[in-house]
Amino acid sequence: MDIQKELNKTTGFKNLALLASQVVEGFISGMHKSPFHGFSAEFAEHKIYNPGESTRHIDWKLFAKTDKLYTKRYDEETNLRCHLIIDNSPSMHFPEVSHQQLGNLNKIGYSALAAASVMNVLKKQRDAVGLSIYSDTYEYYAPEKGSDRHHNMLLDQLSAIAVNKPSGATTNTYKYLHEIAEKMKRRSLIFLFTDMFQSDVAEKELFEALRHLKYNKHDVVLFHTFDSATEIDFNFSNKPSRYTDVETGDHIDLYADNVKEVYKEAVTAYFEKLRVRCGQNRIKYMPVDIQNNFDVVLTTFLLERQLFK
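Attention in this report is confined to the structure presented alongside it. Because the structure is a prediction, the values reported are computed rather than measured.

### Some thoughts on the side chain of asparagine 281
Phase 1: One can find asparagine 281 in the loop between helix H9 (256–280) and strand S10 (284–289).
Phase 2: A polar contact is formed between the side chain of asparagine 281 and the side chain of arginine 211, at a distance of 2.9 Å.
Phase 3: When near neighbours in sequence (up to four residues on either side) are disregarded, asparagine 281 contacts Phe207, Arg211 and Lys214.

### Concerning the sheet that holds S10
Strand pairing in a sheet takes place through backbone hydrogen bonds and is either antiparallel or parallel in direction.
Phase 1: Read across the open sheet, the 6 strands follow the order S5-S4-S3-S6-S7-S10; overall the sheet is mixed. Taken across any chain shown, the strands that pair with only one partner, and hence form the sheet edges, are strand S5 (138–145) and S10. Geometrically, the sheet is characterised by an average inter-axis angle of 15° between neighbouring strands, direction not taken into account.
Phase 2: The pairing of strand S7 (residues 219–226) with S10 spans 6 bridges and is parallel.

### Here's the deal with the environment of valine 288
Phase 1: Within the secondary structure, valine 288 sits in strand S10.
Phase 2: Residues valine 288 and threonine 225, spaced 63 residues apart in sequence, show a C-alpha to C-alpha distance of 4.8 Å.

### Focus: unusual backbone geometry
Residues other than glycine predominantly adopt negative phi, and peptide bonds predominantly adopt the trans conformation.
Phase 1: With an omega of -10°, the peptide bond running from phenylalanine 94 to proline 95 counts as cis.
Phase 2: Relative to the elements of secondary structure, proline 95 occurs in the loop between strand S3 (81–87) and helix H4 (107–124).
Phase 3: At aspartate 67, a position not held by glycine, the phi torsion is positive, near 65°.
Phase 4: Inspection of the secondary structure puts aspartate 67 in the loop between helix H3 (60–66) and strand S2 (70–74).
Phase 5: Despite not being glycine, phenylalanine 234 shows a phi value in the positive range, around 55°.
Phase 6: The class for phenylalanine 234 is buried, based on a relative accessible area of 8%.

### Quick look at the packing of H4 against helix H10 (residues 295–307)
In a pair of packed helices, the angle between the axes and the distance between the axes together describe the arrangement.
Phase 1: With their axes 10 Å apart at the nearest point, H4 and H10 run at an angle of 35° to one another. Between H4 and H10 lies a crossing whose hand is right-handed. Where H4 approaches H10, its residues Tyr110, Ala114, Ser117, Val118, Val121 and Leu122 are matched on the opposing element by Val297, Leu298, Phe301 and Leu302.
Phase 2: Looking at the contact of H4 with H10 residue by residue, the class counts come to 9 nonpolar, 1 polar and no charged.

### Some points on the nonpolar core
Phase 1: Leu84, Ile86, Leu113, Leu158, Phe191 and Phe301 are the most contacted members of the largest nonpolar core, which totals 48 residues.
Phase 2: Excluding its chain neighbours within four sequence positions, the residues that come into contact with isoleucine 86 are Ile108, Ser111, Ala115, Leu131, Ser132, Ile133, Tyr134, Leu158, Ile161 and Phe193.
Phase 3: Judged by nonpolar contacts, the second largest core, of 26 residues, contains Tyr134, Leu192, Phe207 and Leu222.

### Some thoughts on the packing of aromatic side chains
Phase 1: Within the structure shown, the criterion is met by 11 aromatic pairs.
Phase 2: With a centroid separation of 6.0 Å and 25° between ring planes, the pair formed by tyrosine 134 and tyrosine 176 is classed as stacked. Here tyrosine 134 is found in strand S4 (residues 128–134), whereas its partner tyrosine 176 is found in helix H6 (residues 173–183), with 42 residues between them in sequence. An identical accessibility class is assigned to tyrosine 134 and tyrosine 176; each is buried.
Phase 3: An angle of 70° between the planes, with centres 5.1 Å apart, marks the rings of phenylalanine 226 and phenylalanine 271 as edge-to-face.

### Things to note about H4
Phase 1: The end-to-end C-alpha separation of H4 is 26 Å, in line with the 26 Å expected for 18 residues at 1.5 Å each.
Phase 2: For H4, the tally of buried residues reaches 16 of 18 residues, placing the bulk of the element in the interior.
Phase 3: Just past H4, the residue arginine 126 takes up positive phi, approximately 60°.

### A closer look at the side chain of serine 132
Phase 1: Note that serine 132 resides in strand S4.
Phase 2: Among the residues examined, serine 132 registers a relative accessible area of 0% and is labelled buried.
Phase 3: Among the polar contacts made by the side chain of serine 132, one reaches the side chain of tyrosine 138 at a distance of 2.8 Å.
Phase 4: In contact with serine 132, not counting residues within four places along its chain, are His83, Leu84, Ile85, Ile86, Tyr138, Tyr140, Tyr141 and Ile180.

### Focus on H10
Phase 1: For H10, with 13 residues, the first-to-last C-alpha span of 18 Å sits near the 18 Å given by 1.5 Å per residue.
Phase 2: Within the sequence span of H10, burial applies to Val297, Leu298, Thr300, Phe301, Leu302, Glu304 and Arg305.

The rules behind each value
Residues numbered from 1 in each chain as written. Predicted model: local features only at pLDDT ≥ 70, side-chain atom pairs only at ≥ 80, totals over all residues. Heavy atoms only, no water. Helix = DSSP H or I, 4+ residues; strand = E, 2+ residues; numbered from the N terminus. Polar contact = N/O pair within 3.5 Å; in protein donor to acceptor, adjacent residues only side chain to side chain. Contact = heavy atoms within 4.5 Å. Pairing = 2+ DSSP bridges. Axes fitted to C-alpha atoms, helices over the stretch in contact; angles between N-to-C directions. Buried < 20%, exposed > 50% of the residue type's maximum accessible area, 1.4 Å probe, protein only. Left-handed = near helix turned anticlockwise from the far one by under 90°. Nonpolar A, V, L, I, M, F, W, Y, C, P; charged D, E, K, R; others polar. Core = buried A, V, L, I, M, F, W, Y, C linked by side-chain atoms within 4.5 Å. Phe/Tyr/Trp six-rings, centres within 6.5 Å; stacked < 30°, edge-to-face > 60°. Expected span 1.5 Å × (residues − 1).

By themselves, these are just geometric observations and shouldn't be taken as functional.
So, in structure tokens, the structure goes:
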């Protein structure tokens, strides 16, 4: 028996491209009057045709009505380079799920599907996209390209990380962010999906790595991915339980109700601290709850794309 083949039948995404398309279509249909011109490289406005210009975009139907030559102007289609970075550390595979599907995603599944949805929009606009994945090693890197073959290759990588847990334990996010920054030679919009669990590194080193990503005028968005039910509200059964750190192996025995309020205050303060530090370093901080839909990620992408000049 091919164990890995059997695993792929029961876990992960059966069709990540289709799911991403459903997410994007649902998002678009949920918007009323869209403020995002050029979302699908759409027509923007007419302008008077000037002799010598290409006749490719002349609106001949309008010419028949007005006897004047006008051309259709489209919003820019290929001016964006986007690099997606996925934290694939063991903590990102929490909570455990038997099958990744809409309504039943863990942090890595949510991040992979969110990234695939962004790629879906990038493909519609013929923009270039790249991908980096790291855990205890720098697992994968692909530079920004826009071909169908390239997109399919990235989708395969995103599907794989939802199936296979990393073999290592602790993850030095700052180390791999520095390596990724060294590879980013041309200005890009960078999206980082991570749960920001870094017990082994000083906060200063982590933000130095994030600042490194901003070199060459990159725009950086940090999607802080978390599960609000367990990682903020601490909704666990109030019986004696052992809580184990999936990365360090450290554990503690306690009753959930005894620490719930103090825990929630500490986590909320930590989130606020991250928001302030990101603001100080001109990094866009976006908390993303996997219990919610993908509107925050897609809306942020569209707004950042409009601002990317």
